[in-house]
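Structural characterization, general
Take a look at the letters that make up each chain.
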Amino acid sequence: MKGKYTIRIYNNKVSYELVLERNITILTGDSGTGKTSVRRLVHDYEQYGKKSGVTIKCSVSCKTILSDEDWEYKLSRISNSIIFIDEGHSFIKSREFAEAISGSDNYFVLITRNSLPQIPYSVKSILSLRKTVRRYNRVYSKTYPLYDYFENFLDKIKLFDMFVVEDSKAGYQLYASIASNQNVKCISAEGKSNIRFRLLENMDQKVLVIADGAAFGPEMNNISKIMEENKDIIWLFLPECFEWLILKSSVITDKNVKQILKKPSSYIDSKEYISWERFFTDLLVSITANTPLQYNKNELNIAYLKPANIKKIIKAIESI
C-alpha cells in the first residue's frame, strides 16, 4: 500500500480529519482530547455501517483491532486498509507487533501517549489534536515543529560547541568533516536511543543533534522535554535521513529523483519498506551502483567528501 490518504470521520456530534502520508501514524494527546473516540467511531461504522450514524470518507477501508486475543490472526486477514489500534491493547508495545507490521500492506494509526521504541516511525507522523473554535470540527496536526530548517547553515554551525550525530557510519563521516572544517567537535551517539544520554552528559555545551527524522519519532518525547528545560542550548536537525539529503543535493543528477522526492508516498510501498529511510537508502545505492559516487552506508565513498560535493550538500541543507 502506498500513497497519501485523507480521512474524515464524523457523526452528528463530532468530526475528525486526519491526513496520512506514511504507513505508521501516531495519534497522541492528553486524556479527553478525543483519541479513543476516533477508534470507537471507526469500530461502530465497521460493525453497523450507516446504521451507526457514523460516516467515514476515505479512498480505502478503515478498520480496527479491538482484542489482544488472536490479534495476529485478525491482522493477517486485513489487507490494503488503514487499521486503528489504541493503547489499551498491550500487544502494540510488543516486538511481535513490530515484526507483524513490517511487511504489511496496511497503514496503521496507533493511538497512544507512550513512545513505541520498537517501531521506526517518523517525527512527522506524530499527530496531536488541535483545538478549534468549533468543538464539532477536530483536526489532527503534527505534534512537533519541523526541526530541519537551517538557512545560512555554515554561519549557524559556529554557534555550537558540538554535533551529536545519530549515525556512526557514512552520515557521521560527512557531518564530522563539516564540523572539523568549522572547528566544532563531532561525536556519534551510536544510535538514536543514545542521543538523550549524550545530551545529558554535555549539558554545559551548545549542541546540534543530527538524526534521521524518518525513524526518530520514538525519541521525540524525551528529547523535547530536555529541550524545554534547556532552552537555546539544544537544536535539532532532522532530515528524512542522510541518504535523502544526498539525493536532494545536486551531487546526484538522476532525472527521476526529483520527481520521487516531490511525492515520496506515491513510490514507497509499506509492504516493502517500514521506514522511508530504508527506501531512500536503497534508492541511493541503486542509482549510484558502478559509478564514481557508488554509495556504501557502512563506509562513505571519499568522492562525497570532495569540497565541491560537501558544498552541494550544505546548499541542500540550507534549501530544505
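This is a predicted model, so every value here is computed, not measured.

1. With respect to the nonpolar core
Where a protein is soluble and globular, its nonpolar side chains tend to be buried together. Membership of the largest hydrophobic core comes to 44 residues, with the highest contact counts inside it found for Phe163, Ile252, Phe280 and Tyr304. Broken down by secondary-structure element, the contributors of at least two residues to this core are α4 (153-157), β10 (162-165), α5 (170-181), β12 (207-210), α8 (242-248), α9 (257-262), α10 (276-288) and α11 (307-319). Tallying contributions element by element places α5 first for this core, with six residues. Listed in part, the 38 residues of the second largest apolar core include Ile83, Ile119, Met220 and Ile234.

2. Brief notes about the state of the cysteines
A complete count under the given rule lists zero disulfides for this structure. Counting only cysteine sulfurs, Cys62 is the nearest neighbor of Cys58, a cysteine outside any disulfide, at a range of 4.3 Å. The thiol of Cys186 is unpaired, and the distance to the nearest cysteine sulfur, on Cys241, comes to 17 Å. What makes Cys186 buried here is its relative accessible area of 13%.

3. Concerning the sheet that holds strand β11 (residues 185-188)
Strand order in the open sheet formed by four strands is β11-β10-β12-β13, and the pairing between neighbours is parallel. A strand with exactly one partner marks an edge of an open sheet, and here the two such strands are β11 and β13 (234-237). Each adjacent strand pair in this sheet contributes to an overall mean axis angle of 20°, direction not counted. Relative to β11, β10 is paired through four bridges, and the arrangement is parallel. Within the sheet, the bridge partner assigned to Val164 lies in β11 and is Ile187.

4. Observations regarding the pairing of β10
Neither face of β10 is open: one carries Met162 and Val164, the other Phe163 and Val165, and all of them are buried. For the crossover from β10 across α5 to β11, the handedness is right-handed. Of the strand pairs in this sheet, β10 and β12 are connected by four bridges, and their pairing is parallel. Bridging across to β12, Phe163 finds its partner in Leu208.

5. Description of the environment of Ser270
Counting through the fold element by element, Ser270 comes out in the loop between α9 and α10. Taking C-alpha positions, Ser270 is 7.9 Å from Ser102, a pair spaced 168 residues apart along the chain. Looking at Ser270, its side chain comes within polar contact range of the main-chain oxygen of Ser104, at 3.1 Å.

6. Concerning empty space enclosed by the protein
Rolling a probe over the atoms, with the probe sized like a water molecule, indicates the empty space that remains. Per the stated rule, a full pass over the model turns up three cavities of 30 Å³ or more. Considered as a void within the structure, the largest cavity measures approximately 70 Å³ in volume. Around the largest cavity, the lining residues are Arg22, Asn23, Ile24, Pro120, Tyr121, Ser122, Ser125, Ala214, Ile274, Ser275 and Trp276. Taken together, the residues that form the lining of the largest cavity break down as six nonpolar, four polar and one charged. Volume-wise, the second largest cavity comes out at about 50 Å³. Val165, Glu166, Asp167, Gly171, Tyr175, Ile210, Ala211, Asp212 and Phe242 are the residues that line the second largest cavity. Along the lines of polarity and charge, the residues of the lining of the second largest cavity split into five nonpolar, one polar and three charged.

7. Observations concerning the pattern of salt bridges
For the coordinates displayed, the defined rule picks out seven salt bridges. A salt bridge links Glu277 to Lys297; its shortest N-O distance comes to 2.9 Å. One end of the pair, Glu277, is in helix α10; the other, Lys297, is in the loop between α10 and α11, and 20 residues separate them in sequence. For Glu277, a relative accessible area of 14% translates into the label buried. Salt bridges here are not isolated pairs; linked through shared partners, they connect Arg22, Lys124 and Glu240.

About the cut-offs
Here the residue numbering is sequential within each chain, running from 1 through the sequence in written order. Residue-level local features of this predicted model are given only where pLDDT is at least 70; pairs of side-chain atoms are given and counted only at 80 or more, and the full residue set underlies all totals for whole chains, interfaces and linings. For the side-chain quantities, the full set of heavy atoms in the structure was used; hydrogens and water were omitted. Nonpolar core, defined: a set of buried Ala, Val, Leu, Ile, Met, Phe, Trp, Tyr and Cys residues in which side-chain atoms within 4.5 Å join the residues together. A 1.4 Å probe rolled over the protein chains alone gives each residue an accessible area, and that area as a share of the maximum for its type sets the label: buried under 20%, exposed over 50%, partly exposed in between. Counting from the N terminus, the helices are the DSSP runs of H or I reaching at least four residues and the strands are the DSSP runs of E reaching at least two. Only a pair of cysteine sulfur atoms within 2.5 Å counts as a disulfide in this structure description. Here, strands pair whenever DSSP counts at least two bridges between them. Comment: axis = line fitted to C-alpha atoms, over the contacting stretch for helices; angle = value between 0 and 180 degrees taken between N-to-C directions. When the strands point away from the viewer, a crossover counts as right-handed if the path from the first strand over the helix to the second runs clockwise. Polar contact is defined as a pair of N or O atoms within 3.5 Å, subject to the rule that within protein one atom must be able to donate a hydrogen and the other to accept it, and that residues adjacent in sequence are counted only when both atoms are side-chain atoms. Cavity: a set of points on a 1 Å grid over the protein atoms alone where a 1.4 Å probe fits but cannot get out. Pocket: an open set with protein on both sides within 12 Å along at least five of seven lines, its lining residues, like those of a cavity, having an atom within 4 Å of a point. Grid points are joined across faces, edges and corners, and a volume is the space filled by probe spheres set on the points. Side-chain classes are defined by residue name, with Ala, Val, Leu, Ile, Met, Phe, Trp, Tyr, Cys and Pro counting as nonpolar, Asp, Glu, Lys and Arg as charged, and the others, Gly among them, as polar. In the sections that follow, a salt bridge refers to a side-chain nitrogen of Lys or Arg positioned within 4 Å of a carboxyl oxygen of Asp or Glu.

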